[in-house]
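# Analysis of the macromolecular model
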Amino acid sequence: MNARVLLPLCAAAVVSCSKPKTPAEDSARFTSATGVLRAEKYNWIVSSQGIGPVTFGMSLADAARALNDSAIARVSKRASCAYVHPKNMPAGTSLMVAAGIIVRVDIDSAGVETEGGLGVGDSEVAVLVMSSGRAKVESNKYEGPRAHSLIVSSPTDPEHLMIFETDGSRVRRYRAGTRAAVELVERCG
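An account of the accompanying structure is given in this report. (Residues numbered from 1 in each chain as written. Predicted model: local features only at pLDDT ≥ 70, side-chain atom pairs only at ≥ 80, totals over all residues. Heavy atoms only, no water.)

Turning next to the overall build of the chain. Looking only at helices and strands, the chain features six helices and ten strands. For the chain, the share of sequence-separated contacts (at least 6 apart) that also reach a separation of at least 24 residues comes to 41%. Here the chain has roughly 10800 Å² of accessible surface; of this, 58% comes from carbon and sulfur atoms. (Helix = DSSP H or I, 4+ residues; strand = E, 2+ residues; numbered from the N terminus. Contact = heavy atoms within 4.5 Å. Areas by Shrake-Rupley, 256 points an atom, 1.4 Å probe, with all protein chains shown as cover.)

This is the structure we're talking about:
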């Protein structure tokens, strides 16, 4: 074989076997393809413990500092239940506050996902598969037997839950937080 042909083939083999891209390189490719900074997209991951920099059990004052939003710190600490809509959180997200403590997050629009990549618009089947046997399916209290509430718990964290509400096919909204707060079907305030 000619050296002119062999040299590019060897170079291609070395490149394809080289180490994976660094997070910075991967993030740059993601931003180039989507127009969204990967760090920005993944800053708002929802877990049973919180969303982004906000954790359940955090005081309003601490949440205000974490979100750089002093307006939420002014919510009455005496309110037994209230909702705040921090300006720096993604659209469609709100935080439930009980006696000055963050206890739940509600997600009502696409774009904010769980650690497993689930969110509004995903299929009911995806939630059940990703929850690997930890989801209990119940009929939705207000939308009849066709719509469901998929209650996802963790055997290692019984104090927190996630509930995905579906139309029987797709996730319409979901919430996560302390068990007592997430089990409330009605919102407050």
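Right, let's get into the sheet that holds strand β2 (residues 50-51). If you trace the three strands from one edge of the open sheet to the other, you get β1-β2-β3, paired in antiparallel fashion. The sheet is open, and its two borders are formed by β1 (46-47) and β3 (54-55), each paired with just one other strand. Of the strand pairs in this sheet, β1 and β2 are connected by two bridges, and their pairing is antiparallel. Bridging across to β2, S47 finds its partner in G50. (Pairing = 2+ DSSP bridges.)

Turning next to helix α4 (residues 60-67). If you check which residues of α4 are buried, you get L60, A63, A64 and L67. All buried residues of α4 fall inside an arc of 105° around its axis, so they share one side. Considering only its buried residues, α4 is in contact with β3, β5 (93-98) and β6 (101-107). (Buried < 20%, exposed > 50% of the residue type's maximum accessible area, 1.4 Å probe, protein only. Arc of directions from axis to C-beta.)

It is worth spelling out the pairing of strand β7 (residues 135-140) at this point. Judged from the six bridges that link them, β7 and strand β8 (residues 144-154) form a sheet pairing that is antiparallel. Each residue of the ladder has a partner; that of V137, found in β8, is L150. Taken together, β7 and the strand that follows it, β8, pair antiparallel across an intervening segment of three residues.

Below, the discussion takes up the side chain of R175. Among the secondary structure elements, R175 is positioned in strand β10 (residues 171-178). Of the residues examined, R175 reaches a relative accessible area of 5% and is grouped as buried. For R175, the side chain forms a polar contact with the side chain of E165, separated by 2.4 Å. If we skip the residues at most four places from it in the chain, R175 touches R104, V105, D106, L161, M162, I163, E165, V182, L184 and V185. (Polar contact = N/O pair within 3.5 Å; in protein donor to acceptor, adjacent residues only side chain to side chain.)

Its identity as a non-glycine residue notwithstanding, N68 has a phi of 55°, on the positive side. Note that N68 resides in the loop between α4 and β4 (82-84). Exposure remark for N68: the relative accessible area of 61% places this residue in the exposed category. Backbone geometry at S132 places phi at a positive 35°, although glycine is not the residue there. Relative to the elements of secondary structure, S132 occurs in the loop between α5 (124-130) and β7.

What follows covers the pattern of salt bridges. The tally for this structure, following the rule as stated, stands at six salt bridges. D106 serves as the salt-bridge partner of R104, at 2.8 Å between the closest nitrogen and oxygen. We note that R104, like D106, is buried. With a shortest N-O distance of 3.4 Å, R179 and E183 are connected by a salt bridge. (Salt bridge = Lys/Arg side-chain N within 4 Å of Asp/Glu carboxyl O.)

Before going further, it helps to spend a moment on the nonpolar core. Grouped together as the largest cluster of nonpolar side chains are 29 residues, with contacts concentrated most on V46, I51, L95, I102, V105, I107 and F164. Going through the elements one at a time, α4, β5, β6, β8, β9 (157-166) and β10 are the ones with two or more residues in this core. Here this core takes four residues from α4, the largest share from any one element. Counting five residues, the second-largest nonpolar core is a separate cluster that includes Y83, M96, A181 and C188. (Core = buried A, V, L, I, M, F, W, Y, C linked by side-chain atoms within 4.5 Å.)

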